[in-house]
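Remarks on the overall topology
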Amino acid sequence: MLFLRYFHITDQLRQVWLRIEHSKHPDYPSRSIEDIEEQVFKCAVNNGVLCARGSWFKTEPTMPAKGIFLRITFASPTEEAMSKAMERLGRAVRDCYRI
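Worth saying up front: this structure is predicted, and the values here are computed from it rather than measured. (Residues numbered from 1 in each chain as written. Predicted model: local features only at pLDDT ≥ 70, side-chain atom pairs only at ≥ 80, totals over all residues. Heavy atoms only, no water.)

Some details on the overall build of the protein
Formally: Numbering of helices and strands runs from the N terminus, with a helix taken as a DSSP run of H or I at least four residues long and a strand as a DSSP run of E at least two residues long. Classification of residues uses two cut-offs on accessible area relative to the type maximum, computed with a 1.4 Å probe and protein chains only: under 20% is buried, over 50% is exposed, and between them is partly exposed. By definition in these notes, contact holds between two residues if any of their heavy atoms fall within 4.5 Å.
For the protein, the count of helices and strands is two helices and four strands. Its helices and strands taken in sequence order, the protein reads β-β-α-β-β-α from the N to the C terminus. Among the 99 residues that make up the protein, the fraction classed as buried is 38%. A sequence separation of at least 24 residues applies to 56% of the contacts in the protein between residues at least 6 apart.

Written as C-alpha coordinates, this is what we have:
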(Lines give C-alpha, C1' and ligand atoms only; values in the text may rest on other atoms or scores of the structure.)
Protein backbone atom coordinates (compact mmCIF):
# COMPACT_ATOMS: atom_id res chain seq x y z
CA MET A 1 0.00 0.00 0.00
CA LEU A 2 1.30 3.42 -0.93
CA PHE A 3 0.21 6.25 1.33
CA LEU A 4 2.90 8.80 0.55
CA ARG A 5 1.58 10.10 -2.70
CA TYR A 6 3.94 12.96 -3.42
CA PHE A 7 6.77 14.87 -1.89
CA HIS A 8 8.58 18.05 -2.84
CA ILE A 9 11.85 19.25 -1.36
CA THR A 10 12.53 22.98 -1.44
CA ASP A 11 16.27 23.48 -1.00
CA GLN A 12 16.03 27.24 -0.49
CA LEU A 13 13.60 26.94 2.41
CA ARG A 14 14.89 23.56 3.56
CA GLN A 15 11.52 21.89 3.88
CA VAL A 16 9.74 18.83 2.59
CA TRP A 17 6.10 18.84 1.54
CA LEU A 18 4.41 15.45 1.82
CA ARG A 19 1.07 14.51 0.32
CA ILE A 20 -0.59 11.56 2.02
CA GLU A 21 -3.28 9.65 0.14
CA HIS A 22 -6.56 10.47 1.88
CA SER A 23 -8.64 7.99 -0.13
CA LYS A 24 -6.83 5.08 1.57
CA HIS A 25 -8.00 6.16 5.03
CA PRO A 26 -10.57 3.67 6.37
CA ASP A 27 -12.99 6.47 7.34
CA TYR A 28 -12.89 8.30 4.01
CA PRO A 29 -15.27 9.59 2.62
CA SER A 30 -17.45 9.57 5.75
CA ARG A 31 -14.87 11.90 7.36
CA SER A 32 -13.62 15.05 5.67
CA ILE A 33 -10.09 15.45 4.36
CA GLU A 34 -9.56 18.23 6.92
CA ASP A 35 -10.56 15.91 9.79
CA ILE A 36 -8.22 13.19 8.57
CA GLU A 37 -5.39 15.70 8.13
CA GLU A 38 -5.93 16.88 11.72
CA GLN A 39 -5.79 13.27 12.93
CA VAL A 40 -2.58 12.54 11.01
CA PHE A 41 -1.03 15.78 12.31
CA LYS A 42 -1.93 14.96 15.93
CA CYS A 43 -0.60 11.40 15.54
CA ALA A 44 2.66 12.80 14.14
CA VAL A 45 3.05 15.29 17.00
CA ASN A 46 2.21 12.58 19.56
CA ASN A 47 4.97 10.46 17.97
CA GLY A 48 7.50 13.29 18.38
CA VAL A 49 7.42 14.70 14.85
CA LEU A 50 7.38 18.47 14.51
CA CYS A 51 5.44 19.32 11.35
CA ALA A 52 2.79 21.68 10.03
CA ARG A 53 -0.59 20.93 8.50
CA GLY A 54 -0.79 21.87 4.85
CA SER A 55 -4.21 23.42 5.39
CA TRP A 56 -2.56 26.12 7.49
CA PHE A 57 -0.98 27.45 4.29
CA LYS A 58 -4.08 27.54 2.10
CA THR A 59 -4.33 30.71 0.04
CA GLU A 60 -8.11 30.31 -0.26
CA PRO A 61 -9.31 29.39 3.26
CA THR A 62 -12.91 28.80 2.19
CA MET A 63 -12.00 26.25 -0.48
CA PRO A 64 -12.31 22.61 0.61
CA ALA A 65 -9.07 20.65 0.93
CA LYS A 66 -8.05 18.54 -2.05
CA GLY A 67 -5.58 16.40 -0.14
CA ILE A 68 -3.63 15.82 3.04
CA PHE A 69 -0.35 17.70 3.14
CA LEU A 70 2.30 18.01 5.82
CA ARG A 71 5.29 20.34 5.81
CA ILE A 72 8.46 19.23 7.53
CA THR A 73 11.39 21.58 7.93
CA PHE A 74 14.92 20.18 7.91
CA ALA A 75 16.93 23.37 8.44
CA SER A 76 18.46 22.46 11.79
CA PRO A 77 18.01 18.71 12.54
CA THR A 78 20.82 16.29 11.91
CA GLU A 79 20.46 13.59 9.28
CA GLU A 80 20.02 11.03 12.06
CA ALA A 81 17.25 13.10 13.68
CA MET A 82 15.45 13.45 10.32
CA SER A 83 15.69 9.71 9.77
CA LYS A 84 14.11 9.08 13.18
CA ALA A 85 11.42 11.67 12.43
CA MET A 86 10.54 9.94 9.15
CA GLU A 87 10.28 6.58 10.94
CA ARG A 88 8.01 8.16 13.55
CA LEU A 89 5.91 9.84 10.87
CA GLY A 90 5.50 6.52 9.09
CA ARG A 91 4.37 4.94 12.35
CA ALA A 92 1.92 7.81 12.94
CA VAL A 93 0.38 7.41 9.48
CA ARG A 94 0.08 3.64 9.91
CA ASP A 95 -1.60 4.18 13.31
CA CYS A 96 -4.06 6.70 11.87
CA TYR A 97 -4.84 4.44 8.92
CA ARG A 98 -5.08 1.43 11.25
CA ILE A 99 -2.54 -0.72 9.41
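Read on for the rest.
A short note on helix H1 (residues 33-46)
Threshold: To estimate the expected span of a helix, subtract one from its residue number and multiply by 1.5 Å. To be clear, the arc concerns the directions from the helix axis to the C-beta atoms.
Relative to the 20 Å expected for 14 residues at 1.5 Å per residue, H1 spans 20 Å between its end C-alpha atoms, a close match to the ideal helical length. When H1 is considered as a whole, its buried residues turn out to be Ile33, Ile36, Glu37, Val40, Phe41, Cys43 and Ala44. Here the buried residues of H1 occupy an arc of 165° about the axis, which is enough to place them on one side. If you follow the buried residues of H1, they end up packed against strand E2 (15-20), strand E3 (52-53), strand E4 (68-73) and helix H2 (79-96). Among the residues trailing H1, Gly48 stands out with phi positive, at a value near 85°.

Some details on the pattern of salt bridges
Just so we agree on the cut-off: Within this document, salt bridges are pairs made up of a side-chain nitrogen of Lys or Arg and a carboxyl oxygen of Asp or Glu, the two lying within 4 Å of each other.
Following the criterion strictly, the structure yields six salt bridges and no others. Between Arg53 and Glu37 there is a salt bridge, with the nearest N and O atoms lying 3.0 Å from each other. Taken together, the positions of Arg53 in strand E3 and Glu37 in helix H1 put the pair 16 residues apart, joining distant regions of the chain. Here Arg53 matches Glu37 in class, with each residue buried. Here Lys42 makes a salt bridge to Glu38, at a shortest N to O gap of 3.3 Å. Placement of the pair is Lys42 and Glu38 together in helix H1, with a separation of four residues, close to one helical turn. Among the ionic contacts, a cluster of salt bridges with common partners joins Glu37, Glu38, Lys42 and Arg53.

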